[in-house]
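Read off the chains here:
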Amino acid sequence: MQAIVLVGGEGTRLRPLTFGTPKPMVPIAGVPFLARTVERLHEAGIDEVIFAAGYMPQAIVDYFGDGSAFKMKITYVIEAEPLGTAGALKNVERYIHGPFFVLNGDVLTSLDLRAMMEFHRKSGGLGVLHLIRVEDPSAFGCVVHDATGRISAFVEKPPKGSEPTDEVNAGTYLLEPSVFAMIPAGRNVSIERETFPAILVSDQRLYAYTTNDYWIDLGRPEHYLSAHRDILSGAMPLALSSDHDRSLPGEVYVEAGAHIDPTTQLGANVVVGRGCSIGARVKISDSVLWDEVVVGDDVEIESSIIASRARIGAHATIGAGTVIGHDVVIEPGTHIAPDSRIGGTAAAAR
Ligand code: GDD
Ligand code: MG
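Residues numbered from 1 in each chain as written. Chains lettered and ligands numbered in written order. Predicted model: local features only at pLDDT ≥ 70, side-chain atom pairs only at ≥ 80, totals over all residues. Heavy atoms only, no water.

Draft legend 1. A look at the site of ligand 1. Residues in close proximity to ligand 1 total 27 residues, the closest being E156, K157, N169, E192 and D217. Here an oxygen atom of ligand 1 sits 2.8 Å away from a polar atom, N or O, in the main chain of G9. Listed by contribution, the elements that provide at least two residues to the shell around ligand 1 are β1 (2–7), α4 (84–90), β10 (151–156), β11 (167–175) and β13 (215–217). Residue contributions to the shell around ligand 1 peak at 3 residues, all from α4. Considering only residue class, the shell around ligand 1 consists of 11 nonpolar, 8 polar and 8 charged. (Near = heavy atom within 4 Å. Polar contact = N/O pair within 3.5 Å; in protein donor to acceptor, adjacent residues only side chain to side chain. Helix = DSSP H or I, 4+ residues; strand = E, 2+ residues; numbered from the N terminus. Nonpolar A, V, L, I, M, F, W, Y, C, P; charged D, E, K, R; others polar.)

Draft legend 2. How the structure looks around the coordination of the magnesium ion (ligand 2). At the metal site, the magnesium ion (ligand 2) is ligated by D106 (OD) and D217 (OD), and these contacts range over 2.1 to 2.3 Å. Of this pair, D106 sits in the loop between β6 (100–104) and β7 (107–109) while D217 sits in strand β13; the two residues are 111 residues apart in sequence, bridging distant segments of the chain. Judged by its relative accessible area of 17%, D217 is buried. (Donors = N, O, S within 2.8 Å, 3.2 Å for Na, K, Ca; no water. Buried < 20%, exposed > 50% of the residue type's maximum accessible area, 1.4 Å probe, protein only.)

Draft legend 3. Highlighting the nonpolar core. Core analysis: the biggest nonpolar cluster contains 30 residues, and I4, L89, F100, L129, L175, F196 and L206 have the highest contact counts within it. Top element by residues in this core is helix α6 (residues 191–201). It accounts for 4 residues. Formed by 28 residues, the second largest nonpolar core is a distinct cluster that contains V49, A53, F64 and Y207. (Core = buried A, V, L, I, M, F, W, Y, C linked by side-chain atoms within 4.5 Å.)

Draft legend 4. Quick peek at the packing of aromatic side chains. Using the criterion set out here, one finds 10 aromatic pairs in the structure. Between Y63 and F70, the ring centres sit 6.0 Å apart and the planes meet at 45 degrees, which makes this aromatic pair tilted. Through a chain of ring-to-ring contacts, the aromatic side chains of F51, Y63, F64, F70 and Y76 assemble into a single cluster. (Phe/Tyr/Trp six-rings, centres within 6.5 Å; stacked < 30°, edge-to-face > 60°.)

Draft legend 5. View of the sheet that holds strand β29 (residues 341–342). Read across the open sheet, the 6 strands follow the order β14-β17-β20-β23-β26-β29; overall the sheet is parallel. Whereas interior strands pair on both sides, the edge strands pair on one side only; in this sheet they are β14 (252–254) and β29. Sheet topology note: the strand β17 (residues 270–272)/strand β20 (residues 287–289) ladder contains 3 bridges and is parallel. By the bridge assignment, V271 is partnered in β20 with V288. (Pairing = 2+ DSSP bridges.)

Draft legend 6. Fine view of the pattern of salt bridges. Inspection of the entire model under this criterion finds 16 salt bridges. The salt bridge partner of R187 is E194, with a shortest N-O separation of 2.6 Å. Given a relative accessible area of 30%, E194 falls into the partly exposed group. (Salt bridge = Lys/Arg side-chain N within 4 Å of Asp/Glu carboxyl O.)

Draft legend 7. Seen up close, the sheet that holds strand β21 (residues 294–295). Strands sit in the order β15-β18-β21-β24-β27 across an open sheet of 5 strands; the sheet is parallel. Only two strands of the sheet have a single partner each, and these edge strands are β15 (259–260) and β27 (329–330). Inspection of the sheet shows strand β24 (residues 311–312) paired to β27 by 2 bridges, in the parallel sense. In the sheet register, R311 faces β27, and the bridge partner there is V329.

Draft legend 8. Summary view of the packing of helix α2 (residues 33–43) against helix α3 (residues 57–64). At a minimum axis distance of 11 Å, the contact between α2 and α3 shows a crossing angle of 50 degrees. In terms of their interaxial angle, α2 and α3 are classed as oblique. Handedness of the α2/α3 crossing: right-handed. Contacts between α2 and α3 pair L34, A35 and V38 from the former with I60, Y63 and F64 from the latter. Here the contact of α2 with α3 is built from residues that sort into 6 nonpolar, no polar and no charged. (Axes fitted to C-alpha atoms, helices over the stretch in contact; angles between N-to-C directions. Parallel < 35°, antiparallel > 145°, perpendicular 65-115°, else oblique. Left-handed = near helix turned anticlockwise from the far one by under 90°. Contact = heavy atoms within 4.5 Å.)

Draft legend 9. Expanded view of α6. Of the residues making up α6, those classed as buried are I191, E192, T195, F196, I199 and L200. Relative to the axis of α6, the buried residues are bounded by an arc of 135 degrees and lie together on one face. Facing away from the buried side of α6, by more than 90 degrees, are the exposed residues R193 and V201. Where α6 is buried, its residues contact α4, β8 (127–133), β10, β11 and β12 (206–210). (Arc of directions from axis to C-beta.)

Draft legend 10. Region of the structure containing the domain arrangement of the protein chain. Assigned domains within the protein chain: domain 1 (2–221) and domain 2 (252–349). Counting residues at the interface gives 13 residues for domain 1, matched by 18 residues for domain 2. Carbon and sulfur atoms supply 72% of the area that domain 1 and domain 2 bury against each other, a total of about 1200 Å² over both sides. The largest share of the area that domain 1 buries against domain 2 comes from P16, L17 and F19, three residues that together contribute 45% of it. Run the count over domain 1 and domain 2 and you get 2 residue pairs in polar contact (both at pLDDT 80 or more). The biggest single contributor to the side of domain 1 that touches domain 2 is helix α1 (residues 17–20), with 3 residues. (Domains from an automatic or database assignment. Buried area = accessible area lost by both parts, 1.4 Å probe.)

Draft legend 11. Fine view of the side chain of T195. Inspection of the secondary structure puts T195 in helix α6. On the basis of relative accessibility, which here comes to 1%, the residue T195 falls in the buried class. Among residues more than four places away in sequence, those in contact with T195 are A86, M182, I183, V189 and S190.

The structure is reproduced here in structure tokens:
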């Protein structure tokens, strides 16, 4: 079985992190998110993956190569211009030879792909969409279906208050190749706004597969932090690398090779990446530091994400909800207001 992973989005809501790292390569407890997805596909018996890429594809190619390290055949198809979520599928049609999974490249979930295959086999439609229930359906694709699971409507990001349901598209589809006939070639096509609605007015059937699995779209900083909270607390089952520092108590994950002054207080919910150096009397809570971040003495960091090689000068305070990009230097004594975005430009990313 094959899977197409959509990894071409620009990750604008994760800027400035995505000026230096494409969204699917953003680390989850030290491992690029996409590697976790590839492992999950492999465990489900999928041995061939097509990455539909476009934004900063080289970072993805460099990491995965031909896929042999992941026991996967990996094919990269790189869009010169974004083709949209259905256009990206049409663009890889020539590689597909049977029913296939489609995964949004930014979804972390415990969904059982094999169970979804079984559901598709029984329902016998053009495809199956994984759904979950959420509190704010207006941020997602709302999917209406009957008691048999047959979908009657797909409404992408409806205005707040007008959502027809709390069941939303969770970004994993299992489709028959005949879906390609429904996607025009050579232009940007949205599967959510164009293709699914077109299928639903035809006589073809799409089915809903609703589960109550762990699920999160990592595309926003607050969700990225809550995913780490869930992993560190065990709410989201995910294997952590074996070479991290196990001597620290509580929900703290420190990768091997980080230097942390013994007077520093970490936690709860803190990830410290490879080669970080953290000075004396520092307080860090509910935050993720990528690799080689340098933190001076007496710094306070709360609910923030700090990208690789950033340097935080002594006595600085970083307000909750802040995102600091790659290589940013915060001068000693600086007070960063909550919810700040610091660093990077779109021009530097290409
Ligand atoms: N190759 C390619 N080309 N990939 C793309 C393109 C493109 O032009 N545009 C977006 N993608 C990829 C993104 O990288 C991401 O992995 C996925 O498609 C979905 O795009 P997002 O930008 O993350 O969409 P969203 O989160 O606002 O909404 C989507 O996901 C929700 C679930 O998380 C929709 O599918 C919603 O219906 C859904 O509820
Ligand atoms: Mg998303």
